[in-house]
Structure formats: structure tokens, C-alpha cells
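Architecture at a glance
Residues per chain, in single letters:
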Amino acid sequence: MYFTQHFWELLFQGIRLGSLYALIAIGYTMVYGVLQLINFAHSEVFMSGALGGVFMLTALAGTNGNIPSGFSAFEYTALALIAGAVVSAAVAFSLERVAYRPLRKRHAPKLVYLITAIGASIFLYNLAGKLFGRNNLQVPESFHSGPVFVLPGSGPSGPRTVKTLDVLIIATAFVMMIVLDLVINRTKLGSGIRAVAQDAETAQLMGVDVGKVISRTFIIGGLLAGVGGVLYAMFHAVSYTMGFIPGIKAFTAAVLGGIGNVRGAMLGGLLLGIVESFSQGIIPNGLEWVDVVSFVVLVVVLLIRPTGILGERTGRAA
Amino acid sequence: MSTTSISELSAQVRRLRKQDAWWKNPMLGRLAIILALVLVLSILTNQVQGSSSDYTLLFKSSWFSSRGAQYVIGGVLIWIIAEAWRIQGLRRIAGQTISVAGRRTALIVPRSFTRQYSRLAGFFRWLIPNRWFRRVLVLAVVAVAIFLPYLGLFTLPYFQSVLAGQVGVYVLAALGLNVVVGWAGLLDLGYIAFFAIGAYTTAILSGKLPVGADGNPEAHPPIHLNLFFAFPIAVVLTMTAGLILGAPTLRLRGDYLAIVTLGFHEIVLQLAKNNPHNLTNGPLGATGISTFRFNLFGVHYDWNPTDSKPYWFLAIGLILIVVFAFRRLEHSKVGRTWTAIREDEVAAAASGVPTVKYKLMAFMIGASTSGFAGVLATAKITAITPDNFPLQLSIFVLAYVIFGGMGSLTGVIVGASLMTFLPFFLQGPPSWFNSGKPVVDPKDIPMWVGAVLLTMMIFRPQGLIPSKRRAQELAQAEHGVGDADAMTEPAEGVAP
């Protein structure tokens, strides 16, 4: 049977995809925690990070097809990741400043928030389409992705080898998540974020600058989404509409893990990636139905356990 | 104890607050905002489209060019005028204070002017809420709408087609979404999915789908109905779809509905594209869908897709029926229940209102109206593919409702007509004006729609022609009194 034959390969693919979903889902879940807002524009934050990384790579490596090696390969990759993270964080920050802060100052109702997020999302990705063309962008390779080790089981064309790119994606994602977990649980900023998510008004009385915390929450979400975007760009098509599907799936992952719960988002992302990957192996013509499967997963999770696997942690900002 | 002079202390305070920093001057801050706006506008209004091979193209052509210079100069001029006006205003206020102290009248208005003005204003204050005046006004507007295809611009077939295929259809759809967003306070982002269900139902009932398994067009099923019968069938189908989707999700926190409906739209699109059992014919869709026929009481009339006028008349008729029904609904028990749920769900539930049931009702009514509009649209365009129902379209219809003023039937009709008509007006038929070039590139329309949504929500969430009640709710919610939506946790708790 296809599924049992390819179990390890599918699992590995699921983890690779899932770790990216987790990176994006963290942004959703943190913003939902402090503002109780589904930040639809987060998918555009992700997209802008991917674009930033691609532009950086193009500026460094050019489009002549030469693959850098040695230290420059490492350097280019790192710079692309940083560029993506910075661009995404900048977009997320200005989004909060321009779109959400006026609403927050007015205590706007939730419907207004959501529609603003939708408007920002559609505006941003169409603006990106106008600025950088509506075709897929060329992504120069920043390093030679050679085989690292071989997975057990056999793939469609011989055994599946794990390549440098795969290792890079998973390692970066996991390092980012561990660092974030430390930041959330060990630092002053992290306790500020947790306090605002729990009860914004009381946090304000205790001397937490709620505006600043919300702003920084957006920046952290943007940083992670940007790194996720650059990693995604390395094995996937990059265009102005690339954000939508990963964005909505990352939100599914956040709900799956328990919205507002950062560890839940990590777990949910990994789980969703694995579910998707397995469904490709189990369902005939699985690739066509992947999106449908993940939405069905969302609805089923909402039905059975609306608070997610690890439980939700939300409040409402002042 | 050390002694500090007051001047030293104040200097210290000033240093701490950085009040003496020249860049903290609010005037310069306003200049920066205006310049940023102008630079963004310079990109947005630029006809040039960026390219994926030269990322800096658009920046070069809209900033580092005469165009950019014009925009910056314009922005600086606006800033200077605005600041001068502001300073003038401040001076006048200061002058008034002094003159009051000197017991001099600050502003003299001729009494005759005030009297005339107040008489005119009084007339309008009497006229506008007058019931008979309103009835005459509505009749006049309907009459103008019916004869629109014979007036000026609209005698062009291009604009007639826009009227019938866009304005009529989307006004109808927006009226339905208004029930969901405006009245029940729920956010439905997959509204066009129901539209697509209506459209595919139409294609199936007119015998063009499912296509035979071997691609043989003769293998069509023998169903071939007059499309007027597609209306009730599509309504029933979309209502069922709305029930299936809404029943589980409406028990949850309201904002989950938004994402689930968005996912539902994507699922419907995937189903249409993946062509299960050859039901939808995949990306090719259906062509040659038949259209409306009237054959009753000895009167026989066939609608003809090449002439848009009859479709417009039909659309107006349907809109009138829907508006009449919805007006009745708005002030009925159901409508008042929606208001109660919107304003305070907990209080409504405590008063014995089954909130989930009423929210579901709104959702189903919205869905069925969308299916209704889908039938009308399909009969007009006679060919559908999954690409006719992109996700953006759902958000567009939401934008029409928001722009016009959610909760207000007049507002929604005006908003939807304006926002569907304007893009086609600005594109124009070939050689319309602007020497055949579109004023706004059609590819930029979604961007403008997003910008409209964003600015409306930030500056005028109640919309162009707001419903009084809705505007008040939004204002009250901002002061922490009640809600303006059904977005919080349902009072009845989570699913059992």
C-alpha cells in the first residue's frame, strides 16, 4: 500500500510543512491572544517576508543561476532570512499602527476589526501585485541543496533523501520556536504579553504599557512569519497571492492547538502539516483535496473541541 | 539636601520630555503624514504596472520622476494651506476671547440671512421625514431605474450589460449579505460560495451539466427546465448548504464563522475545479446555458442574452420583491430579535431568545438570496467556470455592504450600485473617453476595494448612508455600551 510504503517520507514532509505552518500560526495566535482579532492580514505579512527574502537573494546572488558555495552560501541564506524577518516585522508594525491602533483607541466593536483586517489583507496583496508584477517571481538558490541522509522506505523515484534545504527549514523553525518560547516565558516582554492576553485592563493598572506590548506582539509575529516566508519561498512558488492558503491553514493550526496559546500553535502547526501530508498519501488524487482536508479538519476541531488541543488563552485588550 | 533652582528643574524636565526637540513639532509630524500619504497615492494612482524582472520599476516611475515631484509639491502645498488655516483659526479663537472680554460682538450675521436659512432648513426638516414625500421619492427613483437603459449613457450596450450583469445582480446579492452582516451582526466571508451553488444549479437544470463521462456533449441528462424554476430549487439548495455550514459554527464564537465561511468558499471552489463525478466539468465549466422564458396566460416571451434590457427589468423586479420582503422582515419579530442579539446577546438569551436559531435564520436567508442572485447572473452570462467565483468576490460584496452602510437597505443599494458601476465606468468601453485608455487599470480594482474597506472602517464604519440604529450601536459600542455585532461567545455556550 502506498501509505505504509511511504510512511517515513510522508511524515518527514509533514514535519517540514508543519514547522512552517507553526511559524505563521504563532503570529495569528499571539495577536488573537492580545486583541481577540483574527488578523487576516497576517498572510500578507508572511507574503511580504517571502518577497523581502527573494529581493535580498536577487540582490546578492543575482539571477544568472550561479549557486554560491562555502561561506557566501551561508551568508546569503542568513541575510535573506534576516531581510525577510525585518520586512515582515515592518509590515506588521505599520499595519498595527495604521489600521488597528485607531480602532483600539476608539474601542471599536469586533466586526469593525475583522472587516478592517480583511480590507488590509486584500489591499496589501493587490498592492504587492501592482508593485512587483503578478507573475511568479524567480527565486535564486542561495546554496547547493545536497543529500544529507536517506529515509527508510522508498519514494516514487528511489529512496527519499533528506536534503540540506529540508534540514535548514526544520532546524531554523525549531530554533525560532524554542527562542520564542523562552522569550514568552522568561523575559519581561513575555510576561507583559501574557498579562495583556489574560486581562488587558488589569495589566494596564499594574503598569504594563498595553499599546507597546501589542505593538511588539505584532513585531514578534512578523519576525517569525518573515522567516517562515523566506523558508517557504525556497521550495515553493512566490507570487503576490502566495499568502492566502498558508495563512488560512496556519490559522487552522492555531485553532487546532488552542487559540492564544503559543505552544498550542506550534503543536497545531506540526499536526496539521502531518495530517495534510498523510492525506496526500491516503486519499487517491490527494494533492487536489489537501485544502479541502484542512478545512474539514478546522470544522471538525471547532465542533469537537472548540478550545483546541492545549486549551485557549485569550483576553481582550483595552 | 541639595537645592535646585526652578529654571534648572524645568530644563531638566524639558530634556526628559524632549519637548525642545525640533522634530517633535506636531506641524512637522503632520507634514510627514501628508508626504507619506502622497507617496503612497502616487504609487496607487500610477497606471504603470510593476514587473517581476525589475522590482524597482514602479518606485522609479512614481517617485523619482516628474510625477513624484508633482505629488510631493502638491502635498507640501496642501500642508501649507492646512497649517495656515489652522493658525488662522487659532488666531480667531484667541481674538474672540479678547473681544468677549471687551464686550464686543465677535461675529455679526445678518438677521435676514438667518431667518431665510432657518425657513429653508425648517422646510427640509419637515419634508424629508414626510411619509408621502418619501413614497413619491421612492416611486420616482424606481421609475428612473426602470427607464435607465433609455437614458443618455445607458443607451450604449456596454453600459446596459453592466447594469444587468453587474449592478442588478450584485445589488441583489448585497441585500442578502446585509441581512447577515448588517442585521444579524455576523461576518460571512464565503458569501459568493452560495452564489456559485446557485450558478451551478442553474447550469445543471438547464441541461448543460454534468457533461458525459466520455466528453460526449450528447450525454447530457434530459433535464431542461425553464430557468424560472431554478430560483426555488437554488433557494432550497443554498438554504440547506447554509444550514449545514451554519449549524455547527454558529454555536461557536462569532469570529470563527468568518474563517469557516472563508474555508467553505475555498472548498466549493475546489469541488468545482476537481470535478467529482463529472458534475461540474472542472475548470472548463458550462457553456450555452439556456435562459429565462415566459410562457403563461397566452403571453410568450423569451429573454435573449444579446439584449441586456429585459434582464435589467427582471433584476429590478426581483430587487423590488426582495426589498419589500426584507423591509417587512426588518420590522417584524425576527428583525427585532436580530437587533436584540446584535446589541446584547447575553441579554437576548436571558430574555428567552433562542439566539443560535435566529442567527442561523439570518445566515440561511442571506445564503438563499445569494443563490437567487447566482441564478440571475448565470442566466445573463450563460457560461460559467470556477474562475467566475473567486474568493475576492465574496469580499467585494462585503465591501459594497460596508461602503453603503450596513443595516440600511437604501445604503446597501446605493453602495452596491456605485461600487459595481464605478469600475466599469472608469474602464469604459473601448474608445469611451481618455482616448480609449482605462482611467483605472482593471487589475487595480481589487486594491482600491481593499483601500475603501480599510478607510471606511477607520473613519466611517457606519457607511455612506447609515442606518440610524446601526450608527448609534457602533457609537455606543465605542463607549462600552452593548455590542454592535454577534461576534462574542454565544450566550448559550459552546456546542454540546
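Every value quoted in this text rests on a predicted model; they were computed, and no experiment measured them. For every chain, the first residue of the written sequence is number 1, and numbering continues from 1 along that sequence. For this description, chains carry letters from A and ligands carry numbers from 1, given in the order in which they are written. At least 70 in pLDDT is required for a residue's local features to be given in this predicted model, at least 80 for side-chain atom pairs to be given and counted, and no such filter applies to totals for whole chains, interfaces and linings, which use all residues.

On to the overall build of chain A. A tally of helices and strands in chain A yields 12 helices and two strands. Secondary structure elements of chain A, listed N to C terminal, follow the sequence α-α-α-α-α-β-β-α-α-α-α-α-α-α. For the radius of gyration, the atom set is restricted to C-alpha positions; the globular benchmark scales as 2.2 Å times the number of residues to the power 0.38. Its C-alpha atoms give chain A a radius of gyration of 20 Å, near enough to 20 Å, the size a compact globule of 318 residues would have. Exposed residues have 12 or fewer other C-beta atoms within 10 Å of their own C-beta, buried residues have 20 or more, and residues in between are partly exposed; the C-beta atoms are placed from the backbone. For chain A, buried positions account for 56% of its 318 residues. The helix and strand labels rest on DSSP assignments: H or I over at least four residues marks a helix, E over at least two residues marks a strand, and numbering proceeds from the N terminus.

This part is about the overall build of chain B. In terms of helices and strands, chain B carries 18 helices and two strands. Think of it this way: build a C-beta for each residue from its backbone, and any pair within 7 Å is a contact. Taking all contacts inside chain B whose residues are at least 6 apart in sequence as the whole, residues at least 24 apart take part in 75%.

Let's shift gears to the UniProt feature "transmembrane region" (unreviewed entry) in chain A. Within this structure's numbering, the places UniProt gives as "transmembrane region" (unreviewed entry) are residues 20-38, 45-64, 76-99, 111-128, 167-184, 218-238, 250-275 and 287-304 of chain A. Summarising residues 167-184 of chain A: 100% helix, 0% strand, and an end-to-end C-alpha distance of 25 Å. UniProt positions are given in the numbering used here, feature names are shortened, and annotations may be inferred rather than shown by experiment.

What follows is about the interface of chain A and chain B. Counting residues at the interface gives 40 residues for chain A, matched by 48 residues for chain B. Contributions of two or more residues to the side of chain A that touches chain B are made by α4 (70-106), α5 (110-132), α10 (244-257) and α12 (286-304) of chain A. Considering every element that reaches the side of chain A that touches chain B, the biggest residue donor is α5 of chain A, with 16 residues. Each residue gets one label: Ala, Val, Leu, Ile, Met, Phe, Trp, Tyr, Cys and Pro are nonpolar, Asp, Glu, Lys and Arg are charged, and the others, such as Gly, are polar. Taken together, the residues of the side of chain A that touches chain B break down into 29 nonpolar, six polar and five charged.

This part covers the nonpolar core. Buried Ala, Val, Leu, Ile, Met, Phe, Trp, Tyr and Cys residues whose C-beta atoms connect them within 7 Å together make up a nonpolar core. Formed by 219 residues in total, the largest nonpolar core has its most connected members in Ala22 of chain A together with Leu172, Ala174, Ala362 and Val397 of chain B. In terms of residue count, the dominant contributor to this core is helix α7 (residues 157-183) of chain B (17 residues). Those residues in contact with Ala22 of chain A, other than ones at most four positions away along the chain, are Ala173, Met177, Ala253, Ala265, Met266, Gly269 and Leu270 of chain A.

Looking now at unusual backbone geometry. The backbone phi angle of Gln36 of chain A is positive, close to 55 degrees, even though this residue is not glycine. By C-beta crowding, Gln36 of chain A is classed as buried, having 21 other C-beta atoms within 10 Å. Backbone geometry places Thr382 of chain B, a non-glycine residue, at a positive phi of 60 degrees. Mapped onto the secondary structure, Thr382 of chain B falls in the loop between α14 (355-381) and α15 (391-404).

The α-helix winds at 3.6 residues per turn, so residues separated by three or four positions along the chain end up facing the same way. All names here are of chain B. In this model, helix α10 (residues 254-274) (21 residues) spans 31 Å end to end at C-alpha, consistent with the 30 Å of a helix rising 1.5 Å per residue. Counting buried positions over the 21 residues of α10 gives 17, a clear majority of the element. Within two residues after α10, Asn275 carries a phi angle of roughly 55 degrees, on the positive side. To estimate how far a helix should reach, multiply one less than its number of residues by 1.5 Å.

Residue and element names in this part refer to chain B. Residue position: Ala475 is located in helix α18 (residues 468-478). Judged by the 14 C-beta atoms lying within 10 Å of it, Ala475 is partly exposed. A sequence separation of 204 residues divides Ala475 from Leu271, and the C-alpha atoms of the two residues are 42 Å apart.

In this section: the packing of helix α8 (residues 191-205) of chain B against α14 of chain B. Residue and element names in this part refer to chain B. Convention adopted: a line fitted to C-alpha atoms gives each axis, helices being fitted over their contacting stretch, and angles between N-to-C directions are expressed from 0 to 180 degrees. Put simply, α8 and α14 touch, their axes get as near as 7 Å, and they point 50 degrees apart. Classified by the angle between their axes, α8 and α14 sit oblique to one another. The element α8 and its partner α14 pack so that their crossing is right-handed. On α14, the residues that touch Tyr191, Phe194, Phe195, Ala196, Ile197, Gly198, Ala199, Thr202 and Ala203 of α8 are Ala367, Ser370, Gly371, Phe372, Ala373, Gly374, Val375, Ala377, Thr378 and Ala379. Taken together, the residues that form the contact of α8 with α14 break down as 13 nonpolar, six polar and no charged. Put simply, angles under 35 degrees are roughly parallel, angles over 145 are roughly antiparallel, angles from 65 to 115 are roughly perpendicular, and the rest are oblique. Working rule for handedness: look at the near helix, and if it is turned counterclockwise from the far one by less than a right angle, call the crossing left-handed; if clockwise, right-handed.

All names here are of chain B. Its 14 residues give α15 an end-to-end C-alpha distance of 21 Å, which sits within 8% of 20 Å, the value for a rise of 1.5 Å per residue. Of all the positions in α15, only Ser394, Ile395, Phe396, Val397, Leu398, Ala399, Tyr400, Val401, Ile402, Phe403 and Gly404 are classed as buried. After α15 finishes, the residue Gly405 shows a positive phi value of roughly 125 degrees.

In this section: the environment of Val175 of chain A. Considering the arrangement of structural elements, one finds Val175 of chain A in helix α6 (residues 164-186). Placed 68 residues apart in sequence, Val175 of chain A and His107 of chain A show a C-alpha to C-alpha distance of 37 Å.

All right, on to the environment of Ala241 of chain B then. Residues and elements named next belong to chain B. Summarising the element assignment, Ala241 is placed in helix α9 (residues 230-249). Considered as a pair, Ala241 and Ile197 are 44 residues apart in the sequence and their alpha carbons are 8.8 Å apart. Contacts of Ala241, omitting those with residues within four sequence positions, involve Phe194, Ile197 and Ala367.

Time to look at the confidence of the model for chain B. Summing up the model confidence of chain B, the mean pLDDT is 81 and the portion of residues at 70 or higher is 86%. Two numbers describe this predicted complex: its pTM, 0.86, and its ipTM, 0.87. Per-residue confidence from the predictor is reported as pLDDT, which spans 0 to 100.

Looking at chain A as a whole, the pLDDT averages 87, with 96% of positions reaching at least 70. The weakest mean pLDDT in chain A belongs to helix α1 (residues 2-5) of chain A at 74; the strongest belongs to helix α9 (residues 210-233) of chain A at 94.

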